[in-house]
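The residues making up each chain are set out below.
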Amino acid sequence: MLCQSCGKHPATTHIKTIVNGKLTEYHLCSECAQKEGHLHLYNSWNMDLGNLLGGFLGKAAPGVQVTRCPSCGASFEEISQSGKIGCAECYKTFRSQLVPMIQRIHGTTQHKGKVPGGSALRLTGGQSAMMPVQESPLEEKKRLLKQAVEQQDYETAAVLRDEIKEMESHD
């Protein structure tokens, strides 16, 4: 079937319109369709068989610029596949992509490691006596909660649990 507009090229674009209940069909070549503003659906998506298969296989589409770490040369795709960051510079290079991933995996982007000296002993005075490090009020409540549960004192444990929640919500 030839293009209904120019009559020279084979029709590759078929347009159906319904106006006031009346169906109208147009058969146009790609040049005439483009002139009239009808683009091929997949052209706007930059889709072809190579891009489609590349997407399934996890490879970047040809012609797409892949950002790489200036220090180690790793790409974000390689990092996400291996689960390992290449170097310290990767954190700076891929920060905008890594922050949501770290948030999703760890629940926060703030490091909350152990408190220094949490269960340590400290030398005090001239006698070199070993004294336990002073614990924070929150740590004390958590320790008391654990003791109350171990002693099956659930009423005290419930009160302590509520106090701990209150203290943590203010942090």
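To be clear, the structure that these remarks concern was listed above.
Residues numbered from 1 in each chain as written. Predicted model: local features only at pLDDT ≥ 70, side-chain atom pairs only at ≥ 80, totals over all residues. Heavy atoms only, no water.

### Focus on the pairing of strand 2 (residues 22–28)
Of the strand pairs in this sheet, strand 1 (residues 13–19) and strand 2 are connected by 7 bridges, and their pairing is antiparallel. Within the sheet, the bridge partner assigned to Ile-15 lies in strand 2 and is Tyr-26. (Pairing = 2+ DSSP bridges. Helix = DSSP H or I, 4+ residues; strand = E, 2+ residues; numbered from the N terminus.)

### A look at the side chain of Thr-13
Here Thr-13 is to be found in strand 1. The exposure class assigned to Thr-13 is buried, which follows from its relative accessible area of 18%. (Buried < 20%, exposed > 50% of the residue type's maximum accessible area, 1.4 Å probe, protein only.)

### Regarding the pattern of salt bridges
A full pass over the atoms with the stated rule returns 4 salt bridges. Between Glu-163 and Lys-141 there is a salt bridge whose closest N-O contact spans 2.6 Å. Taken together, the residues Glu-163 in helix 7 (residues 154–169) and Lys-141 in helix 6 (residues 137–150) connect sequence positions 22 residues apart. Of the residues examined, Lys-141 reaches a relative accessible area of 24% and is grouped as partly exposed. The closest approach of N and O atoms between Arg-161 and Asp-162, which form a salt bridge, is 3.1 Å. Asp-162 gets classed as partly exposed once you look at its relative accessible area, which sits at 42%. (Salt bridge = Lys/Arg side-chain N within 4 Å of Asp/Glu carboxyl O.)

### Looking at the nonpolar core
Membership of the largest hydrophobic core is limited to 7 residues, which are Cys-69, Ala-74, Phe-76, Ile-79, Cys-90, Phe-94 and Leu-98. Among all residues touching Ile-79, those that are not within four sequence positions of it are Ala-74, Lys-84, Ile-85, Gly-86, Cys-90, Phe-94 and Leu-98. Counting residues in each nonpolar core, the second largest holds 6 residues, with Cys-3, Ile-15, Cys-32 and Ala-33 among its members. (Core = buried A, V, L, I, M, F, W, Y, C linked by side-chain atoms within 4.5 Å. Contact = heavy atoms within 4.5 Å.)

### Some details on the packing of helix 6 against helix 7
Remark: helix 6 packs on helix 7, axes separated minimally by 9 Å, with the N-to-C direction vectors making an angle of 155 degrees. Comparing their axes, helix 7 and helix 6 come out roughly antiparallel. Remark: the crossing between helix 6 and helix 7 carries left-handed chirality. Facing helix 6, whose interface residues are Pro-137, Leu-138, Lys-141, Lys-142, Leu-144, Leu-145, Ala-148 and Val-149, helix 7 presents Tyr-154, Thr-156, Ala-157, Leu-160, Arg-161, Glu-163, Ile-164, Met-167 and Glu-168. Its residues placed into classes, the contact of helix 6 with helix 7 shows 11 nonpolar, 1 polar and 5 charged. (Axes fitted to C-alpha atoms, helices over the stretch in contact; angles between N-to-C directions. Parallel < 35°, antiparallel > 145°, perpendicular 65-115°, else oblique. Left-handed = near helix turned anticlockwise from the far one by under 90°. Nonpolar A, V, L, I, M, F, W, Y, C, P; charged D, E, K, R; others polar.)

### Here's the deal with helix 7
Between its first and last C-alpha atoms helix 7 spans 22 Å; for 16 residues at 1.5 Å apiece the expected length is 22 Å, and the two agree. Inspection of helix 7 places Ala-157, Leu-160 and Ile-164 among the buried residues, and these make up the whole buried set. Across the axial projection of helix 7, the buried residues extend over an arc of 65 degrees, all falling on one side. Exposed positions of helix 7 whose direction lies more than 90 degrees from the buried face are Glu-155, Lys-165 and Ser-169. (Expected span 1.5 Å × (residues − 1). Arc of directions from axis to C-beta.)

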